[in-house]
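Understanding the architecture of this molecule
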Amino acid sequence: MKTVVITGGTDGIGRGLGRIYLERGERVVVVGTDKAKTEPGARFIRADLELIDENRRLIDRLSAEVDTIDVLVLGARFQRSRRTETADGLESNFALTYLSRYLLSHDLAGPLGRAADPVVLNFGGAGRFGPPRWDDLQQRTQYHGLTAMIQAGILNAALAVDFVGRHPPSGT
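Residue indices follow the written sequence of each chain, beginning from 1 at its first position. Local features in a predicted model are, by the rule used here, given only for residues with pLDDT of at least 70; side-chain atom pairs are given and counted only at 80 or more, and totals for whole chains, interfaces and linings are based on all residues. Excluded from the side-chain calculations are hydrogens and water; all other atoms, namely the structure's heavy atoms, are used.

**As for the sheet that holds strand β4 (residues 71-74)**
Here we have five strands laid out as an open sheet, ordered β3-β2-β1-β4-β5, and parallel in their pairing. Pairing within the sheet leaves two strands with one partner each, and these edge strands are β3 (43-46) and β5 (119-122). This sheet shows a mean twist of 15° between the axes of neighbouring strands, independent of strand direction. Paired strands, in this sense, are two strands between which DSSP finds at least two bridges. Secondary structure counts use DSSP, requiring at least four H or I residues in a row for a helix and at least two E residues in a row for a strand, with both numbered from the N terminus. Bridge analysis of strand β1 (residues 3-7) against β4 gives four bridges, and the strand direction is parallel. Across the sheet, the residue bridging to isoleucine 6 is valine 73, located in β4. Across the sheet, helix α2 (residues 52-65) lies against β1, β2 (27-32) and β3, angled at about 145° from β3, the strand it touches most. Residues are treated as being in contact if the distance between any of their heavy atoms lies within 4.5 Å. Under this scheme, a helix contributes an axis fitted over its contacting stretch, all axes are lines through C-alpha atoms, and angles between N-to-C directions fall in the 0 to 180 degree range. Helix α3 (residues 92-107) contacts β1, β4 and β5 of the sheet and is inclined by roughly 170° relative to β4.

See the structure below:
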């Protein structure tokens, strides 16, 4: 039985993936904010992934409770039309859609590395939109909700390259 951890697993693609993995008999851990929307049979962990401390708490909990993570789905996202800062002082799209994925992927590399064939699925890619606004990653000027989501997607593409560079698949 594989262990599958899904952020954003209470809605959309994440919820659909959770249902499929449950049907296959896998152990599914859903991370979100609304337990009522969790697929029956999945284990739910409440976490507000816009907050750094919540990511750290989740990482600590998962590291203590599961030895191996076979599939890590990074799917949590929520687009806001107005610029909102988290309690950590970060733009909310950046915090949820990029920073949490960075923290979770790198800090769960140990349990992922113990899987026979680990998979990190980081969805919400950028497409072809050019480089991020390096001079304003927090979107303090000229904020637009869609632009914030696109920028987080661009940063996630860089995260994927960085992750594989730091944690190469076994056998390479």
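Having seen the structure, we can now continue with the description.
**Regarding the side chain of histidine 106**
Relative to the assigned elements, histidine 106 resides in helix α3. On the accessibility criterion, histidine 106 (12% relative accessible area) is buried. Each residue touching histidine 106, except ones within four places of it in the same chain, is listed here: Leu159, Asp162, Phe163, Arg166 and His167. Residue exposure (1.4 Å probe, protein chains only): buried if accessible area is under 20% of the type maximum, exposed if over 50%, otherwise partly exposed.

**Looking at helix α5 (residues 145-166)**
Expected helix span is taken as 1.5 Å per residue step, with the number of steps being one fewer than the number of residues. In a regular helix each residue adds 1.5 Å, so 22 residues correspond to 32 Å; α5 covers 31 Å between its end C-alpha atoms and thus fits that length. Residues of α5 that are buried: Gly145, Ala148, Met149, Gln151, Ala152, Gly153, Ile154, Leu155, Asn156, Leu159 and Phe163. Lining the buried residues of α5 we find α3, α4 (109-113) and β5.

**Examining α2**
With 14 residues, α2 ought to run about 20 Å at 1.5 Å a step, and its terminal C-alpha atoms sit 20 Å apart, in line with that. Among the residues of α2, Asn55, Leu58, Ile59 and Leu62 are the ones counted as buried. End-on view of α2: buried residues confined to an arc of 100°, all on one side of the axis. For α2, the exposed residues set more than 90 degrees away from the buried face come down to Asp53, Asp60 and Ala64. Each element contacted by the buried residues of α2 is listed here: β1, β2, β3 and α3. It is the directions from the helix axis to the C-beta atoms whose arc is reported.

**Comments concerning the pairing of β2**
In terms of burial, β2 is largely enclosed, as five of its six residues are buried. Two strands pair when backbone bridges link them, and β1 and β2 are joined in this way by five bridges, in the parallel orientation. By the bridge assignment for β2, threonine 7 is matched with valine 31. You can see the chain leave β1, run along helix α1 (residues 12-23) and come back into β2, and the turn it takes is right-handed. The pairing of β2 with β3 spans four bridges and is parallel. In the sheet register, valine 31 faces β3, and the bridge partner there is isoleucine 45. Orienting the strands away from the viewer, one traces the path from the first strand over the helix to the second; a clockwise path indicates a right-handed crossover.

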